[in-house]
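# Fold and geometry: a report
Below are the chains, spelled out letter by letter.
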Amino acid sequence: MEGSGLAGVKVCRSGRGRVTPGRWGTGFGTRFPPAGRARLDARRWATGIIGNVPLDIDTATPFGRRVERRLTDELIGWLVTVSPSGAPQPSPVWFLWDTADSFLIYSRPGTPKLRNIEANEHVALHLDGDGRGGDVIILHGTIGRSDDPPADRVAAYAEKYRERIASGSWGDPAGFAADYSVPLRMTATRLRGH
């Protein structure tokens with residue numbers, strides 16, 4: 001199986017051919033009890049392989065090339081925020097991957113998504129799979145309001161969504177920017193998938 005990556009780590013591989021999360025959610029076929037997980041996390045922190053460090057997508061692997069292609073070409077992702085009651089709240093979003101670990105997203109003002117983000121900055125961005133349980137890409141990280149310019153002044157964003165903006169009710173990028181006027185910046189800290 002082409003495995004997963006953690007922040008700052010090249011994509012890993014597992015010979016098992018499937019993802020089998022452990023009972024405690026440590027993932028990918030391992031089962032560490034809580035005390036063992038704490039030791040594992042301490043080792044990861046000591047070696048620098050988890051934490052808020054730039055995401056390292058190894059494009060020398062098939063999984064890394066697929067991640068790079070999909071983050072560049074996909075038009076819709078699912079941004080998962082957490083409601084005040086603790087429930088996950090997925091929302092379809094348009095996004096621009098513009099640095100190694102950073103994603104630009106625009107939102108309408110006054111949405112539940114923004115209220116959730118103000119209360120809890122931890123999010124996940126999922127890309128749709130292939131319909132058969134494969135080609136899964138999930139990024140975890142933090143998000144907040146940013147000082148990015150309006151969408152119509154970000155050339156790469158306006159170009160990526162040019163056809164969708166033109167075919168929507170906005171007419172042009174300026175109309176879209178007026179409607180989706182809140183820029184958000186997600187910083188990815190972890191990549192999972194296969």
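The structure we're discussing is the one just above.
Read on for an overview of the structure. Every value quoted in this text rests on a predicted model; they were computed, and no experiment measured them.

What counts as what
- Residues numbered from 1 in each chain as written.
- Predicted model: local features only at pLDDT ≥ 70, side-chain atom pairs only at ≥ 80, totals over all residues.
- Heavy atoms only, no water.
- Helix = DSSP H or I, 4+ residues; strand = E, 2+ residues; numbered from the N terminus.
- Buried < 20%, exposed > 50% of the residue type's maximum accessible area, 1.4 Å probe, protein only.
- Contact = heavy atoms within 4.5 Å.
- Pairing = 2+ DSSP bridges.
- Phe/Tyr/Trp six-rings, centres within 6.5 Å; stacked < 30°, edge-to-face > 60°.
- Expected span 1.5 Å × (residues − 1).
- Salt bridge = Lys/Arg side-chain N within 4 Å of Asp/Glu carboxyl O.

## What to know about the environment of His140
Relative to the assigned elements, His140 resides in strand S7 (residues 137-145). His140 sits in the partly exposed class, given a relative accessible area of 24%. Once the C-alpha coordinates of His140 and Arg192 are considered, the two residues, 52 residues apart in sequence, prove to be 8.3 Å apart. Not counting chain neighbours up to four residues away, the residues in contact with His140 comprise Val123, Ala124, Met186, Thr187, Ala188, Thr189, Arg190 and Arg192.

## A closer look at the pairing of strand S8 (residues 182-193)
Buried residues dominate S8, accounting for 9 of its 12 residues. Relative to S8, strand S5 (residues 102-107) runs antiparallel, the two being bridged by 6 bridges. Across the sheet, residue Phe103 finds its bridge partner in S8, namely Met186. As paired elements, S7 and S8 share 9 bridges and run antiparallel to each other. Of the residues in S8, the one forming a bridge with Thr142 is Thr187.

## Considerations on the packing of aromatic side chains
This structure, assessed with the given rule, holds 11 aromatic pairs. Residues Trp97 and Phe103 carry aromatic rings whose centres are separated by 6.4 Å and whose planes lie at 20 degrees to one another, so their mutual orientation is stacked. We classify Phe103 as buried; its relative accessible area is 0%. Here Trp170 and Phe176 contribute two aromatic rings whose centre-to-centre distance is 5.1 Å and whose plane-to-plane angle is 85 degrees, an arrangement assigned as edge-to-face. Counting every residue linked through ring pairs, the aromatic cluster contains Trp94, Tyr106, Tyr157, Tyr161, Trp170, Phe176 and Tyr180.

## Let's talk about helix H2 (residues 62-73)
For H2, with 12 residues, the first-to-last C-alpha span of 16 Å sits near the 16 Å given by 1.5 Å per residue. Residues of H2 that are buried sit in contact with strand S4 (95-99), S5, strand S6 (122-127), S7, helix H4 (155-160) and S8.

## Some remarks on the pattern of salt bridges
Within this structure, the stated rule accounts for 9 salt bridges. In this structure, Glu74 and Arg70 form a salt bridge, with 3.2 Å as the shortest nitrogen-oxygen distance. On the accessibility criterion, Arg70 (3% relative accessible area) is buried. With its nearest N and O atoms 3.4 Å apart, the salt bridge here joins Arg162 to Glu159. Residue Arg162 is classed as partly exposed on the basis of its relative accessible area of 45%. A residue is classified by how much of its surface remains accessible, and Glu159, at 47% relative accessible area, is partly exposed. One network of salt bridges, in which partners are shared, links Arg66, Arg70, Glu74 and Asp135.

## Details of unusual backbone geometry
Backbone geometry follows two general trends: most residues other than glycine have a negative phi, and most peptide bonds adopt the trans configuration. Although it is not a glycine, Asp135 sits at a positive phi angle of roughly 55 degrees. Turning to its location among the elements, Asp135 is positioned in the loop between S6 and S7. According to the relative accessible area criterion, Asp135 is buried, its value standing at 19%.

Bear in mind that shape data such as this cannot, by itself, settle questions of function.
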